Amino acid sequence: MLYDEIKQYYMPVKIMYEKALKHFNVDSLKNSICQNEKKLQDSEVWSNPELSSKLSQEIKEDKDNLEKISRWEGMVSDIETLFELYEETKDESTLNEVENSIK
């Protein structure tokens, strides 16, 4: 793939990442996890299986979303670094790394 084609293929990936950041507020997710974990420390919560299950599920979902965002962030950062490196060096192997990263 040529540089321009790879860059064009990458842009939707970056846009999806940016939309995910807007949709999932990272600080809000972290705060929700912390609050729900504190609630689960209360023994009375465990006497209500429905509530404890609900809180546990919310924690899992929030942690999963944070993990997804973290992976996307790492991928976007790595690809942008490789693009910058390619633009400086014009080394085709760097361009191949970018192509493999976005497949």
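Conventions adopted
Residues numbered from 1 in each chain as written. Predicted model: local features only at pLDDT ≥ 70, side-chain atom pairs only at ≥ 80, totals over all residues. Heavy atoms only, no water. Core = buried A, V, L, I, M, F, W, Y, C linked by side-chain atoms within 4.5 Å. Buried < 20%, exposed > 50% of the residue type's maximum accessible area, 1.4 Å probe, protein only. Helix = DSSP H or I, 4+ residues; strand = E, 2+ residues; numbered from the N terminus. Contact = heavy atoms within 4.5 Å. pLDDT = per-residue confidence, 0-100.

**Student:** Summarise the nonpolar core; cite the residues concerned and give the values.
**Tutor:** By size, the foremost hydrophobic cluster in this structure holds 13 residues, and its most contacted members are Ile 6, Tyr 10, Ile 79, Phe 83 and Val 98. Going through the elements one at a time, helix H1 (3–23), helix H4 (49–89) and helix H5 (92–102) are the ones with two or more residues in this core. Beyond its immediate stretch of four places on either side in the chain, Tyr 10 contacts Val 76, Ile 79, Glu 80, Phe 83 and Ile 102. Counting residues in each nonpolar core, the second largest holds 8 residues, with Ile 33, Leu 40, Val 45 and Ile 59 among its members.

**Student:** Would you mind going over the confidence of the model for the chain in detail, with residue names and values included?
**Tutor:** In the predicted model, the chain carries a mean pLDDT of 89, and the fraction of residues at 70 or more is 98%. Looking at the elements of the chain, mean pLDDT is at its lowest for H5, recorded as 79, and at its highest for helix H2 (residues 26–40), recorded as 96.

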